[in-house]
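Inside the fold
The chain contents come next:
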Amino acid sequence: QLVESGGGLVQAGGSLRLSCAVSGGTFSTYVMGWFRQAPGKERDLVAAISWSGSTTYYADSVKGRFTISRDNTKNTVYLQMNSLKPEDSAVYFCASRDDLGSGYGRKRGYDYWGQGTQVTVSS
């Protein structure tokens, strides 16, 4: 089970920190990803992190502004979002898949998903 938290309403230029707590399975073996989906658009991969945290992937649109991290002792993955823009508004989902050692930018293959948390950035 994956449970996201930390979404909300923020002004442009502000920051939010999303959390995703994972129960069940072996968290420390999973790739964890953060996705987002705006109304009428596809669900896109925003960031991903390897099981060890040593490898990360970021979509071009968030590079330099978002940071993904994980704490394997707490079975939790985070997404720190800074310098938020109105176009970052979306429902954000965390998801997990087995770590195959490569392909961290791949959006397919995620097995388990959270329910999503809304992020709204006002201009």
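A brief structural summary. (Residues numbered from 1 in each chain as written. Predicted model: local features only at pLDDT ≥ 70, side-chain atom pairs only at ≥ 80, totals over all residues. Heavy atoms only, no water.)

As for the environment of Gly114
This is how the line gets drawn: Numbering of helices and strands runs from the N terminus, with a helix taken as a DSSP run of H or I at least four residues long and a strand as a DSSP run of E at least two residues long. Only protein chains enter the calculation, and the probe is 1.4 Å; a residue is then buried if its accessible area is under 20% of its type maximum, exposed if over 50%, and partly exposed in between. Contacts: residue pairs with any heavy atoms within 4.5 Å of one another.
Structurally, Gly114 is set in the loop between β10 (112–113) and β11 (117–122). A relative accessible area of 13% places Gly114 in the buried class. Considered as a pair, Gly114 and Pro39 are 75 residues apart in the sequence and their alpha carbons are 18 Å apart. Excluding residues within four positions of it along the chain, Gly114 makes contact with Leu2, Glu4, Phe93 and Cys94.

Focus on unusual backbone geometry
With a phi angle near 50 degrees, Asn75 is a residue other than glycine that sits in the positive phi range. Relative to the assigned elements, Asn75 resides in the loop between β7 (66–71) and β8 (76–81). At Ser83, a residue that is not glycine, the phi angle is positive and equals roughly 50 degrees. Of note, Ser83 is situated in the loop between β8 and β9 (90–98).

A few points about the packing of aromatic side chains
Filter applied, for reference: Each aromatic pair joins two rings of Phe, Tyr and Trp (for Trp, the six-membered one) with centres within 6.5 Å, and gets the label stacked for planes under 30 degrees apart, edge-to-face for over 60, and tilted for any other angle. Two limits define a charge over a ring: the Lys NZ or Arg CZ must be within 6 Å of the ring centre, and within 35 degrees of the ring normal.
In the structure shown here, the tally under the stated rule is three aromatic pairs. Measuring from ring centre to ring centre gives 5.0 Å for Phe35 and Tyr110, while their planes differ by 85 degrees; the resulting arrangement is edge-to-face. Highlighted residues: Phe35 in strand β4 (residues 30–37) and Tyr110 in the loop between β9 and β10, separated in sequence by 75 residues. The pair formed by Phe35 and Tyr110 is uniform in burial state, with each residue classed as buried. With 4.7 Å between their ring centres and 55 degrees between their planes, Phe35 and Trp113 make a pair best called tilted. Taken as a pair, Phe35 in strand β4 and Trp113 in strand β10 lie far apart in primary sequence, 78 residues in all. Following the ring pairs from residue to residue traces out a cluster consisting of Phe35, Tyr110 and Trp113. Lying across the ring of Trp113, Arg43 places its NZ or CZ 4.9 Å from the centre. Over the face of the ring belonging to Phe27 we find Arg70, whose NZ or CZ atom lies 4.4 Å from the ring centre.

Observations regarding the pattern of salt bridges
Formally: Salt bridges are identified by distance alone: a Lys or Arg side-chain nitrogen within 4 Å of an Asp or Glu carboxyl oxygen.
Taken as a whole and assessed by the stated rule, the structure comprises five salt bridges. Note that Arg36 and Asp88 form a salt bridge whose closest N and O atoms lie 2.9 Å from each other. One end of the pair, Arg36, is in strand β4; the other, Asp88, is in the loop between β8 and β9, with 52 residues separating them in the sequence. Relative accessible area serves as the criterion here: at 13%, Arg36 is assigned to the buried category. Here Glu42 ties to Lys107 by a salt bridge, and the two come within 3.9 Å at their closest N and O atoms. Linking Glu42 in the loop between β4 and β5 (44–49) with Lys107 in the loop between β9 and β10, this pair joins segments that are 65 residues apart in sequence. Three or more residues are tied together by salt bridges with common partners; here these are Arg36, Arg65 and Asp88.

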